[in-house]
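Coordinate inspection notes
Okay, here's what each chain looks like letter by letter:
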Amino acid sequence: MNETREVLAKSVAAYPAEFRGSAAALVDRVDHDLELLQSLVSSGARVWDIGGGSGLFGVCAAGLGLQMTNIDDYRDLGRLREPLLEVQSQAGVEVVERDILVEELPLVPPLDAITMFHVMEHMHNSPRELLRGLVERLKPGGAFILSGPNAANLRKRV
C-alpha cells in the first residue's frame, strides 16, 4: 500500500462511525485529487481547499504534509457538523467558516495552491470576483485546481 492510500485509510477511520461509509466512497476520487495536487506542489505547501465540507481531501492532504485550510460555510453537515469539524482540526487542517460568495476572503501570505472540487455547480451567480480574489492570493506560478461534474456524461443528460 502506498503512502497516500495509508493516509486515506487512516483518515477514513478517524471519522465518526456513521460517516465512514460516505468517506470511504470518496477514497478513489480523493486519491486522484491528491495525486494531482502532489504533482504540482511540494511537502509543506500552503493550500486552501474551497468548499471542502466534510474535509476528507484536506484531512488526507494534511496527513501527507501539506498546510491545509478548508474554507466552507458548513451549513449542510447537519448533526455531524461538530464531529466532522473536529476530525479536520485533529488532523491539523485549519477550518475557516465563511460563505465565500458574500464574505471577504481572509488575507494570507501567498498560497502555493488552491483547490475547488465540485463547488462551481453550486454557485448561482457569476463567480468572477471570487475567482479573481483567489488567484490574487496565489504565489507566482501557484496552482489552481478546479473541477466539477461531467455535464456531458450520458447519465446527467437523461
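These remarks concern the structure in this document. These figures come from a predicted structure and were not determined experimentally. (Residues numbered from 1 in each chain as written. Predicted model: local features only at pLDDT ≥ 70, side-chain atom pairs only at ≥ 80, totals over all residues. Heavy atoms only, no water.)

1. Thoughts on unusual backbone geometry
As a reminder of what qualifies: Each helix corresponds to a stretch of at least 4 residues labelled H or I by DSSP, and each strand to a stretch of at least 2 residues labelled E; elements are numbered beginning at the N terminus. The rule is simple: take the accessible area with a 1.4 Å probe, protein chains only, and divide by the maximum for that residue type; under 20% is buried, over 50% is exposed, in between is partly exposed.
Residue Y74 is not a glycine yet carries a positive backbone phi of 55 degrees. Inspection of the secondary structure puts Y74 in the loop between β2 (67-72) and α5 (81-90). Assessed through its relative accessible area of 1%, Y74 is described here as buried.

2. Side note on the packing of helix α1 (residues 3-14) against helix α4 (residues 56-63)
For clarity, the cut-off: In this analysis, axes come from line fits to C-alpha atoms, helices being fitted only over the stretch in contact, and the angle between any two N-to-C directions falls in the range 0 to 180 degrees. What sets the label is the angle itself: under 35 degrees gives roughly parallel, over 145 gives roughly antiparallel, 65 to 115 gives roughly perpendicular, and the rest give oblique. It is the rotation of the near helix from the far one that decides the hand of a crossing: anticlockwise by less than a right angle makes it left-handed, clockwise makes it right-handed. Any pair of residues with heavy atoms lying within 4.5 Å of one another is described as a contacting pair. Gly counts as polar in this scheme, as do all residues outside two lists: the nonpolar Ala, Val, Leu, Ile, Met, Phe, Trp, Tyr, Cys and Pro, and the charged Asp, Glu, Lys and Arg.
Interaxial distance between α1 and α4 falls to 9 Å at its minimum, and their mutual angle equals 125 degrees. As the angle between them shows, α1 and α4 are arranged oblique. The hand of the α1/α4 crossing is right-handed. Two secondary-structure elements touch here, α1 through V7, L8, S11 and V12 and α4 through L56, V59, C60 and G63. Broken down by class, the residue content of the contact of α1 with α4 amounts to 6 nonpolar, 2 polar and no charged.

3. What about helix α6 (residues 128-136)?
Just so we agree on the cut-off: Our arc is simply the arc of the directions from the helix axis toward the C-beta atoms.
Here α6 has its buried residues at L130, G133 and L134. On an axial view of α6, the arc spanned by its buried residues comes to 100 degrees, and they lie on one face. Turned more than 90 degrees away from the buried face of α6, the exposed residues are R128, E129 and E136. Turning to α6, the residues buried within the fold contact β1 (46-50), β4 (111-117) and β5 (138-147).

4. Side note on the pattern of salt bridges
Rules: A pairing counts as a salt bridge when a side-chain nitrogen of Lys or Arg comes within 4 Å of a carboxyl oxygen of Asp or Glu.
This model, assessed by the stated rule, comprises 9 salt bridges. Across the pair R5 and D31 runs a salt bridge, and its minimum N-O distance is 3.1 Å. Of this pair, R5 sits in helix α1 while D31 sits in helix α3 (residues 27-40), and the two are 26 residues apart along the sequence. R5 sits in the partly exposed class, given a relative accessible area of 27%. You can call D31 buried: its relative accessible area is 14%. Ionic pairing is found between D99 and R75, a salt bridge with its closest N-O pair at 2.7 Å. On the criterion of sequence distance, the pair formed by D99 in the loop between β3 (94-97) and β4 and R75 in the loop between β2 and α5 is long-range, its members being 24 residues apart. Its relative accessible area of 18% is what places D99 among the buried residues.

5. Quick word on the sheet that holds β3
For the record, the criterion: Between any two strands, at least two bridges found by DSSP are needed for them to pair.
A sheet is described by the order of its strands in space; here 5 strands give the open sequence β3-β2-β1-β4-β5, paired in parallel fashion. Unpaired on one side and paired on the other, β3 and β5 mark the two borders of the sheet. Geometrically, the sheet is characterised by an average inter-axis angle of 20 degrees between neighbouring strands, direction not taken into account. Where β4 lies against β5, 6 bridges are found, and the strand directions are parallel. Residue pairing across strands places F117 opposite S147, the latter belonging to β5. Against the sheet, α4 touches β1, β2 and β4, its axis set at about 170 degrees to β2.

6. Description of the nonpolar core
Just so we agree on the cut-off: The criterion is simple. A nonpolar core is a set of buried Ala, Val, Leu, Ile, Met, Phe, Trp, Tyr and Cys residues joined through side-chain atoms within 4.5 Å.
The biggest cluster of nonpolar side chains holds 33 residues, and the ones touching the most others in it are Y15, L34, L37 and M68. Elements with a contribution of two residues or more to this core: α1, α2 (17-25), α3, α4, α5, β4 and β5. Considering each element in turn, this core owes the most residues, 6 residues, to α4. Discounting residues that sit within four places of it in the chain, M68 has contacts with V47, D49, F57, G58, A61, A62, G92, V93 and E94. V96, I114, M123 and L138 belong to the second-largest nonpolar core, a separate cluster that totals 14 residues.

Function cannot be inferred from these measures alone, as they are strictly geometric.
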